[in-house]
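Close look at the chain arrangement
Here's the letter readout for the chains.
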Amino acid sequence: MTAVQPISLGDNTVYLIDLGGSRVLIDTGPDYRGAAGELVEAIRGRLPDLVVATHGHLDHAGLGSWWQERGVPVAVHPADWPLATGEAPSDAEFEALQRFPQESGAPPDVAIPAAAAIAARRAWVRASRTADGYPPGGRDRRWPTGLRYRPFTPRLRLDEVCVPGIELLHLPGHTPGNAVAWLPSEGWLFSGDQLLLGLTPTPALQAHHDASGPDWRFRSFPAFLGALRKLESLHPARCFPGHGSPFGDVNAVIAANLEQAEQRIQRTLEVLMNDGPLSLYDVAARLYPRALRRRFWQIAATVQGFLDALESEGLAASRGGRWHAVQAASAPLS
Ligand SMILES: [Zn+2]
């Protein structure tokens, strides 16, 4: 018999799956002060045979080194190993992100503070990897303290792990190595950050972990939408997300996410058709005029995602940093 135990760790939920013969933990848990103790208590001292990290972000893989020190192997998709080992985000990625606001067409009074925010983030990432203690918690108090992320080399490649009864599906988008766990016998989906109730987690601007140069950017959003469509085709009975509580009616949630994305992509196309060519900043200023200055990075990532989606469908293209609609070839008149 298959059983699942959700374990809440601050803002995250990890899941201990008991497959009868073996026990698999989905996500390592985040590393805040006290998290490891809470985990030990929740599993009552019986270690899992395997920990699967859905992706390399610190709140999903942050206790990877802790598990491996206890002899429990952690599986991460190789495309996210650089996040676990600390090679990513690289200096080149941070530098590309610092140039991004100006290249996106933002005026100096927006671009300069936005670039400074990346410098601060770079310092914070370094501190999370090297701090002896725990960094201070954020204002939003999602976890009791700030999170650490001690670099580790995963013992297993997620694409080579074989657990009878569980399919580990590589669905890049949220990160290049993002994955979900699927139990076909139960219709259970362990979705990490791919599918959450109440919000669509737009992927951040991010690099291919191995690339630099002008084409540094990983086109995350079109891949993320493709991943949602793949999940829809599975018709999951129940979703166990990486944040929050398990939920049913999974395809309705997926359909709502896809519909919302498609409407916004369509609006982006209309902006380009009416006013293009436009810089990314000018597209964003038309779509989100009130919030753009306050929430530059979030909105820039969102709008870049819409533009990437249009580009992937052949409906938009950019030249010299300005985006235009691509006229569909008109159907021949009969
Ligand atoms: Zn994530």
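Here the structure is shown first, and the text comes after it.
What comes next concerns the included structure. (Residues numbered from 1 in each chain as written. Predicted model: local features only at pLDDT ≥ 70, side-chain atom pairs only at ≥ 80, totals over all residues. Heavy atoms only, no water.)

1. A short note on the nonpolar core
Grouped together as the largest cluster of nonpolar side chains are 57 residues, with contacts concentrated most on L195, F221, L272, F296 and V303. At the level of secondary structure, the elements contributing two or more residues to this core comprise α5 (91-103), α6 (108-130), β8 (179-183), α7 (220-234), α8 (250-275), α9 (280-287), α10 (296-312) and β13 (322-325). Apart from the residues within four sequence positions on either side, F296 is in contact with P101, S104, A106, V110, A114 and Y281. Listed in part, the 28 residues of the second largest apolar core include V14, Y32, V76 and L83. (Core = buried A, V, L, I, M, F, W, Y, C linked by side-chain atoms within 4.5 Å. Buried < 20%, exposed > 50% of the residue type's maximum accessible area, 1.4 Å probe, protein only. Helix = DSSP H or I, 4+ residues; strand = E, 2+ residues; numbered from the N terminus. Contact = heavy atoms within 4.5 Å.)

2. Here we look at unusual backbone geometry
Note that the residue after A88, namely P89, is joined by a cis bond; omega there is -5°. With respect to the secondary-structure elements, P89 resides in the loop between α4 (81-85) and α5. Note the cis peptide between G276 and P277, where omega equals 0°. Here P277 is to be found in the loop between α8 and β11 (278-279). Phi is positive for H235, close to 50°, though the residue is something other than glycine. The residue H235 is located in the loop between α7 and β10 (238-241) in this model.

3. Remarks on the pattern of salt bridges
Going through the model one piece at a time under the given rule, you end up with 15 salt bridges. E95 serves as the salt-bridge partner of R122, at 3.4 Å between the closest nitrogen and oxygen. One end of the pair, R122, is in helix α6; the other, E95, is in helix α5, with 27 residues separating them in the sequence. Between R293 and D109 there is a salt bridge; the shortest N-O distance is 2.5 Å. Of the two residues, R293 is situated in the loop between α9 and α10 and D109 in helix α6; the sequence distance between them amounts to 184 residues. (Salt bridge = Lys/Arg side-chain N within 4 Å of Asp/Glu carboxyl O.)

4. Considering the sheet that holds strand β5 (residues 74-76)
With respect to topology, six strands assemble into an open sheet ordered β1-β2-β3-β4-β5-β6, the strand pairing being mixed. On the outer flanks of this sheet lie β1 (3-9) and β6 (156-157), each paired with one strand and no other. The strands that helix α1 (residues 35-42) touches are β1, β2 (12-18) and β3 (23-26); relative to β1, the one it contacts most, it runs at about 155°. (Pairing = 2+ DSSP bridges. Axes fitted to C-alpha atoms, helices over the stretch in contact; angles between N-to-C directions.)

5. Some details on the layout of surface pockets
When its volume is computed, the second largest pocket comes out at roughly 430 Å³. Lining the second largest pocket are 16 residues, with F100, E103, W216, R217 and Q304 sitting closest to its centre. Elements with a contribution of two residues or more to the lining of the second largest pocket: α5 and α10. Broken down by class, the residue content of the lining of the second largest pocket amounts to five nonpolar, five polar and six charged. (1 Å grid on protein atoms, 1.4 Å probe; cavity = no way out; pocket = protein on both sides within 12 Å on 5 of 7 lines; lining within 4 Å. Points joined across faces, edges and corners; volume = space filled by probe spheres on them. Nonpolar A, V, L, I, M, F, W, Y, C, P; charged D, E, K, R; others polar.)

6. A word on the packing of aromatic side chains
Under the counting rule described, the total for this entry stands at 10 aromatic pairs. Judged by centre distance (5.5 Å) and plane angle (65°), the rings of Y15 and F190 are edge-to-face. Of this pair, Y15 sits in strand β2 while F190 is found in strand β9 (residues 188-192), placing the two residues 175 residues apart along the sequence. With respect to class, Y15 is no different from F190; both count as buried. Ring pairs connect the aromatic residues Y15, W188, F190 and F240, which therefore count as one cluster. The ring of Y149 carries R129 above its face, with NZ or CZ at 4.8 Å from the centroid. The aromatic ring of Y134 is capped on one face by R148, whose charged end is 4.4 Å from the ring centroid. (Phe/Tyr/Trp six-rings, centres within 6.5 Å; stacked < 30°, edge-to-face > 60°. Lys NZ or Arg CZ within 6 Å of the ring centre and 35° of its normal.)

7. So, the sheet that holds strand β12 (residues 316-319)
Taken in spatial order, the three strands of this open sheet run β11-β13-β12, and their pairing is antiparallel. Where the open sheet ends on each side, the last strands, each with one partner, are β11 and β12. In terms of strand pairing, β11 meets β13 through two bridges, oriented antiparallel. From the neighbouring strand, S279 faces β13, where its bridge partner is R322. With respect to the sheet, α8 is in contact with β11, β12 and β13, its orientation differing from that of β13 by roughly 95°. Docked against the sheet, α10 engages β12 and β13, running at close to 45° with respect to β13.

8. Regarding the coordination of the zinc ion
Surrounding the zinc ion are the protein donor atoms H55 (NE2), H57 (ND1), H174 (NE2) and D193 (OD), at 2.2 to 2.3 Å. Geometry at the zinc ion is irregular, judged from the four donor atoms that bind it and their angles of 87 to 169° at the metal. Of note, the donors binding the zinc ion are all from one chain and are spaced H-x1-H-x116-H-x18-D. With H57 in the loop between β4 (50-52) and α2 (58-61) and D193 in the loop between β9 and α7, this residue pair connects regions lying 136 residues apart in the sequence. (Donors = N, O, S within 2.8 Å, 3.2 Å for Na, K, Ca; no water. Tetrahedral: all angles 85-135°; square planar, octahedral: opposite > 155°, others 65-115°.)

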